[in-house]
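An overview of the molecular structure
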Amino acid sequence: MVHIENLTFGYGAGGFRLRVPEFTLAEGERVAVVGPSGSGKTTLLNLIAGILTPEAGRIDVAGTEVSGLSDARRRRFRASRIGFVFQDFALLDYLSARQNICYPYRITPALTLDKEARERAESLAAACGIGDKLDRHPSELSQGEQQRVAICRALVTQPGLILSDEATGNLDPDSKARILDLLFEQAALAGAAVLAVTHDHELLPRFERVLDFAQFRAAPET
Ligand code: ADP
Ligand code: MG
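The rules behind these values
- Residues numbered from 1 in each chain as written.
- Chains lettered and ligands numbered in written order.
- Predicted model: local features only at pLDDT ≥ 70, side-chain atom pairs only at ≥ 80, totals over all residues.
- Heavy atoms only, no water.
- Donors = N, O, S within 2.8 Å, 3.2 Å for Na, K, Ca; no water.
- Helix = DSSP H or I, 4+ residues; strand = E, 2+ residues; numbered from the N terminus.
- Buried < 20%, exposed > 50% of the residue type's maximum accessible area, 1.4 Å probe, protein only.
- Salt bridge = Lys/Arg side-chain N within 4 Å of Asp/Glu carboxyl O.
- Pairing = 2+ DSSP bridges.
- Contact = heavy atoms within 4.5 Å.
- Axes fitted to C-alpha atoms, helices over the stretch in contact; angles between N-to-C directions.

1. Concerning the coordination of the magnesium ion (ligand 2)
Six octahedral donors at a metal ideally form angles of 90 or 180 degrees, and four tetrahedral donors ideally form angles of 109.5 degrees. The magnesium ion (ligand 2) binds to the protein through T42 (OG1) and Q87 (OE1); the donor distances cover 2.0 to 2.5 Å. Taken together, the residues T42 in helix α1 (residues 41-48) and Q87 in the loop between β6 (82-85) and α3 (97-101) connect sequence positions 45 residues apart. Q87 sits in the partly exposed class, given a relative accessible area of 39%.

2. Section: α1
With seven of eight residues buried, α1 lies mostly within the body of the structure. Within α1 the residues assigned to the buried category are K41, T43, L44, L45, N46, L47 and I48. Two residues or fewer after α1 comes G50, characterised by a positive phi angle close to 80°.

3. Observations concerning the pattern of salt bridges
Counted under the stated rule, the structure contains 12 salt bridges. Residues E119 and K115 are paired through a salt bridge, measuring 3.3 Å at the closest nitrogen-oxygen approach. Here E119 and its partner K115 are both found in helix α5 (residues 115-127), four residues apart, which amounts to about one turn of the helix. Judged by relative accessible area, E119 falls into the partly exposed class, the value being 42%. Residue classification places K115 among the exposed positions, given a relative accessible area of 62%. Within the structure, one salt-bridge network assembled from shared partners comprises R58, D60 and E65.

4. Considering unusual backbone geometry
In most cases, non-glycine residues show a negative phi, while peptide bonds are predominantly trans. Positive phi values are uncommon outside glycine, yet F89 reaches one of about 70°. In this structure, E166 is a non-glycine residue whose phi angle is positive, near 55°. Take E166: it is sitting in the loop between β7 (161-165) and α7 (173-190).

5. Observations regarding the sheet that holds strand β1 (residues 2-10)
With respect to topology, four strands assemble into an open sheet ordered β2-β1-β4-β5, the strand pairing being antiparallel. The open sheet has two edge strands, β2 (17-25) and β5 (64-65), and neither has a second partner. The pairing of strand β4 (residues 56-61) with β5 spans two bridges and is classified as antiparallel. Along β5, the bridge assignment pairs V61 with T64. In the packing of α1 onto the sheet, contacts are made with β1, β2 and β4, and the angle to β1 comes to roughly 120°.

6. A few points about the sheet that holds strand β3 (residues 30-34)
Read from one edge of the open sheet, five strands run β6-β7-β8-β3-β9, paired in parallel fashion. In the strand order of this sheet, the two ends are held by β6 and β9 (209-212), each with one partner. Ignoring which end each strand starts from, the neighbouring axes of this sheet average 15° apart. The sheet contact formed by β6 and β7 spans four bridges and is parallel. In the sheet register, V85 faces β7, and the bridge partner there is S164. Across the face of the sheet, α1 comes into contact with β3, β6, β7 and β8 (193-197) while running at roughly 155° to β7. The sheet contacts of helix α6 (residues 143-155) involve β6 and β7, and relative to β6 the element is tilted by about 170°.

Any functional reading would require information beyond the geometric quantities listed.
What follows is the structure, encoded as structure tokens:
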């Protein structure tokens, strides 16, 4: 589902640098990403999602070289094929929770917000415990509720790849386990692969593989 080869990326001269010689995420595979804060975990997810572009190397997602697409195509590819739970949620406050969840359908001509999609949004929200909050705006929701909206938005299109950046970070232990259950259950339904950054070590046994991020740090360019 994801293949990375000889990837290098840097935030400007003297900034943080990342080097990933090789990484593969198989179809349907569930991999946890761990590593200290500032080690580049979010940067890697942004590169895979095509939000950032590498300096060198290539990134393939579902057989498409995302690193070779134009900006507009990358955006469309992301919206239709990748579910991304952002670390800061990235919800839009002028939209209701329901509209945020259905946002991928607004911005992707290839996706149609039909009855089935609306029902999926509702049932995901209910499964996450925010079924009665769908008409509220993000600023009227708690952190944990906003996080659930972000998770529903990532799952609603049944993407083949789910990227999750500390999606369980703001939740209590019971909710963490439940949200991960839901994430995995939805991923299994769609046959999706999951790459999830997490600091919750008690959740790691639930993944098939754990990727320790410390290994990818590159020395700053001089
Ligand atoms: P993590 O998610 O593992 O905490 P990040 O990928 O967010 O790490 O950040 C890795 C490093 O890159 C950090 O040192 C951070 O300060 C730096 N960084 C992140 N975003 C930017 C940016 N937009 N411009 C410059 N440096 C950045
Ligand atoms: Mg991060």
